[in-house]
Amino acid sequence: MDDIVITGIGFTPVGEHWEVSLRELATDAALKAMQESGGLRPQAVYVANQYAPVLSRQANVGVLVADFIGLHDVEAATVEAGGASGMMALRAAYLAVASGEADVALALGVEKSTDRVGPDVETALSVVLDADYEAEHGLTPAAQAALLMQRYIHEYNAERAAFAAFPVLAHRNAVGNPAAMFRRAIKESTYHRATMLSDPLNLFDAAPLADGAAAVLVARRSVLPPEMPQPLVRIAGFGIANDTLALHDRDDPLDFAAVRSSVESACKRANCSLEEVDFFELYDAFSIYVPLILEAAGFAPRGEGWKMGQDGSLELDGKLPILTMGGLKARGNPGGATGLYQVAEAVMQLRGQAGDNQIPNARRALVQSLSGPASLAATTILEPAP
Amino acid sequence: MDISRHWRNRKQRYRLVGEVCPHCGAKLFPPRDVCPHCGMEAKTVETLVGTGTVYAFTTVRQAPSDFAEQSPYVVALISLDDGPMLTAQLTDLGDVEPYVGMRVEMVTRKLRNADDERGLIIYGYKFRPVLERALA
């Protein structure tokens, strides 16, 4: 089959953009991705968004965005799959070009979370839970992560203090990312002083919801001119798997089974092993997710993922760098756009354009987004196109 | 106010009415009509006993708007003696510090005020520590 390649990426800085609207954020990211692709125009546009119907009273975001970036007479739709929305928009774009239904497709994620503040935002965040059996009992995504964290510490005798390693790493890496929300390193002591959100989970264990937009333009290699402005990155494989929506419906809540399944199928399709992965952009919406993901993916034995934060193996010069541009924690978590920031950052590493954060000889990226506690795991493997 | 959504779930909220799979015997709560254990249809109604143990718990300090007036409150995952796990608030704790493995039982309590000018209240299950006299 023809290679499916990423020809261009574009994104806005992540943060609180009070003066900029949903459509303006999206347009900014889309135009950058199209410009990077030498002016290629997509025949299909898939827009990932999580909260606009609740926070901005705006549904049909796919059509809105296509319209305002000047694309008419194209296929346009919204993709929503909780926190995995961005990765699922890339999946839709990939399938559109792989099937031949389109030559070029745009995956774009946009979130405008600062249109509301305070308890209204907590309410919006809880719509990803099971409405009747989780949210109606006062559960929030942060509380759900706290339940996992407490049980993890209880079952494995993990050190509570060890969780500091993940946000500290994320913040350190964000210093070198001009688009990150928090470009400053934090000390471990700062982590331990942070406000408690939902015991034992504190403010620094949770990634901040933010505004932002990221776009990735995808094409079949055979339709492209021989010379393209940017080095091409190949989508070598996808693996996508779901689990129960509600955490309480799992036989073993500490097993992120969808992570394991999606990584295995992505590796199979990309014809590579875990040892051949050079870095891992994972979904650190909460610090407890990091060890659970590392264990389920197969990088650490069960109950020991937290130790990887202690031995340097996840640093930029370690054997498995993660969160290379700051992750959700420090780059920020712009909801539906997050998966496409993860992909765009992996593309920068593979192109050799990651600046101060460049991983030497980055030849293969594992990129994964989750919705909730791995209710859906969407994984892709990216490589420089030969 | 989505009255019909709450009315529809009254048997689950007030009495923990779930299902039992006629094929493999697994008890299901919430009811889901397709057994997740064997994949067969499971529509046989079964009321669960309502006792269990705390699998994990946390105190919510940043509550959604519907629960803001109750904040902080304790929410837990509870392994029911019948088999399923559910999410519910812990209540009637008094001076008791909850702990993993604590024995709890279902009670009916106010979940929250409905966002409704008529003053409607949504009731449902919460769990409290098993009372001493119940053990005697």
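Right, let's walk through the structure included here. Quick caveat: nothing in here was measured; it's all calculated off a predicted structure. (Residues numbered from 1 in each chain as written. Chains lettered and ligands numbered in written order. Predicted model: local features only at pLDDT ≥ 70, side-chain atom pairs only at ≥ 80, totals over all residues. Heavy atoms only, no water.)

**Digging into the overall build of chain B**
To keep it simple, the criterion reads: In this description a helix means any DSSP run of H or I spanning at least four residues, a strand means any run of E spanning at least two, and both kinds are numbered starting from the N terminus. Three exposure classes are used, based on accessible area relative to the maximum for each residue type with a 1.4 Å probe and protein chains only: buried under 20%, partly exposed in between, and exposed over 50%. Two residues qualify as a contact provided that any one of their heavy atoms is within 4.5 Å of a heavy atom in the partner residue. In these tables, accessible area is a Shrake-Rupley quantity obtained with a 1.4 Å probe, and a residue counts as shielded only by the protein chains included in the view.
What chain B contains, in helices and strands, is 3 helices and 8 strands. Reading chain B from its N end, one meets helices and strands in the order α-α-β-β-β-β-β-β-β-β-α. Principal axes of the C-alpha set define a box for chain B whose edges measure 45 × 40 × 25 Å. Going through the 136 residues of chain B one by one, you find that 49% of them count as buried. Counting contacts in chain B only where the partners sit at least 6 residues apart, residues at least 24 apart contribute 47% of the total. Element-wise, carbon and sulfur atoms account for 48% of the exposed surface of chain B, whose accessible area totals about 7000 Å².

**Overview of the overall build of chain A**
The cut-off we apply is this: Radius of gyration: C-alpha atoms only; globule rule: 2.2 Å multiplied by the number of residues to the exponent 0.38. Positive charges come from Lys and Arg, negative ones from Asp and Glu, while His and the chain ends are left out of the count. Charge positions are represented by NZ for Lys, CZ for Arg, CG for Asp and CD for Glu.
Tallying secondary structure elements over chain A gives 12 helices and 11 strands in all. Whereas a compact globule of 386 residues would reach a radius of gyration of roughly 21 Å, chain A reaches 19 Å, a difference of no more than 12%. Dimensions of chain A, computed from C-alpha atoms along their principal axes, come out at roughly 55 × 45 × 40 Å. By the burial criterion, 66% of the 386 residues in chain A qualify as buried. Across chain A, contacts joining residues at least 24 apart in sequence account for 77% of those joining residues at least 6 apart. A total accessible area of about 13400 Å² is found for chain A, and carbon and sulfur atoms account for 49% of it. Both charge centroids of chain A, one from 29 positive and one from 47 negative side chains, sit 4 Å from each other.

**Points about empty space enclosed by the protein**
Residue and element names in this part refer to chain A. Spelled out, the test is: Here a cavity denotes a set of grid points, spaced 1 Å apart and computed over the protein atoms alone, in which a 1.4 Å probe fits but from which it cannot get out, and a pocket denotes an open set meeting protein on both sides within 12 Å along at least five of seven lines; residues with an atom within 4 Å of a point are reported as lining. Grid points are joined across faces, edges and corners, and a volume is the space filled by probe spheres set on the points. The classification used treats Ala, Val, Leu, Ile, Met, Phe, Trp, Tyr, Cys and Pro as nonpolar, Asp, Glu, Lys and Arg as charged, and all other residues, Gly among them, as polar.
This model, assessed by the stated rule, comprises 1 cavity of 30 Å³ or more. By volume, the largest cavity is sized at about 50 Å³. If you trace the largest cavity, you find it lined by F166, P167, F204, D205, D284, F286, S287, V290 and K329. Of the residues that constitute the lining of the largest cavity, the class distribution is 5 nonpolar, 1 polar and 3 charged.

**A closer look at the nonpolar core**
A general feature of soluble globular proteins is that nonpolar side chains tend to end up buried together. All names here are of chain A. Using the following cut-off: We call a set of buried Ala, Val, Leu, Ile, Met, Phe, Trp, Tyr and Cys residues a nonpolar core when their side-chain atoms join them within 4.5 Å.
Formed by 82 residues in total, the largest nonpolar core has its most connected members in F256, V259, F280, I288 and Y289. Looking at this core, the element that brings in the most residues is helix α6 (residues 141-156), giving 10 residues. If sequence neighbours within four positions are ignored, F256 has contacts with L148, R250, Y289, L292, I293, A296, L370, P373 and A374. With 51 residues, the next largest nonpolar core counts V79, Y94, A179 and V218 among its residues.

**Regarding the layout of surface pockets**
Of the volumes computed, that of the second largest pocket is approximately 460 Å³. Contributing to the lining of the second largest pocket are 20 residues, with A:H248, A:D249, A:R250, A:D251 and B:H37 lying nearest its centre. Its residues placed into classes, the lining of the second largest pocket shows 7 nonpolar, 5 polar and 8 charged.

**Observations concerning the environment of A:A29**
Residue and element names in this part refer to chain A. Tracing the chain through its elements places A29 in helix α1 (residues 22-36). Using a relative accessible area of 0% as the deciding quantity, one classes A29 as buried. For the pair A29 and P301, spaced 272 residues apart in sequence, the C-alpha to C-alpha distance is 39 Å. When neighbours within four sequence positions are excluded, A29 is seen to be in contact with G10, F11, T12, A213, A214 and A215.

**Looking at unusual backbone geometry**
The omega torsion across B:F29 and B:P30 is -5 degrees, close enough to zero to call that bond cis. For the bond running from B:S71 to B:P72, omega is 0 degrees, close enough to zero to count as cis. Along the polypeptide, B:P72 turns up in the loop between β4 (51-60) and β5 (73-80). One non-glycine residue, A:R57, adopts positive backbone phi at about 55 degrees. Along the chain, A:R57 falls in the loop between α2 (52-56) and α3 (61-68). For A:R57, a relative accessible area of 72% corresponds to the exposed category.

**A few points about the pairing of strand β1 (residues 4-11) of chain A**
Residues and elements named next belong to chain A. Test applied: Between any two strands, at least two bridges found by DSSP are needed for them to pair.
Across the 8 residues that make up β1, a large majority, 8, are buried. Examined bridge by bridge, β1 and strand β7 (residues 212-220) share 7 bridges and lie antiparallel to one another. Bridge pairing in β7 places I4 opposite R220. Both β1 and strand β8 (residues 233-242) contribute to a ladder of 2 bridges, which runs antiparallel. Across the sheet, V5 pairs through a bridge with R234, a residue of β8.

**Concerning the sheet that holds strand β3 (residues 44-47) of chain B**
Residue and element names in this part refer to chain B. Overall, antiparallel pairing links the 3 strands, which are arranged β2-β1-β3 in an open sheet. In this open sheet, the two edge strands, each paired with only one partner strand, are β2 (27-28) and β3. Where strand β1 (residues 17-20) lies against β3, 4 bridges are found, and the strand directions are antiparallel. Bridging across to β3, V20 finds its partner in T44.

**Examining the packing of α6(A) against helix α10 (residues 289-297) of chain A**
Residue and element names in this part refer to chain A. Counted only if it meets this: A fitted line through C-alpha atoms represents every axis, and for helices the fit uses only the stretch in contact; the resulting angles, taken between N-to-C directions, go from 0 to 180 degrees.
Axis separation between α6 and α10 bottoms out at 10 Å; the angle between their running directions is 65 degrees. Contact with α6, carried on its side by A145, L148, Y152 and Y156, involves Y289, P291, L292 and E295 of α10 and no other residues of that element. Per-class residue counts for the contact of α6 with α10 are 7 nonpolar, no polar and 1 charged.

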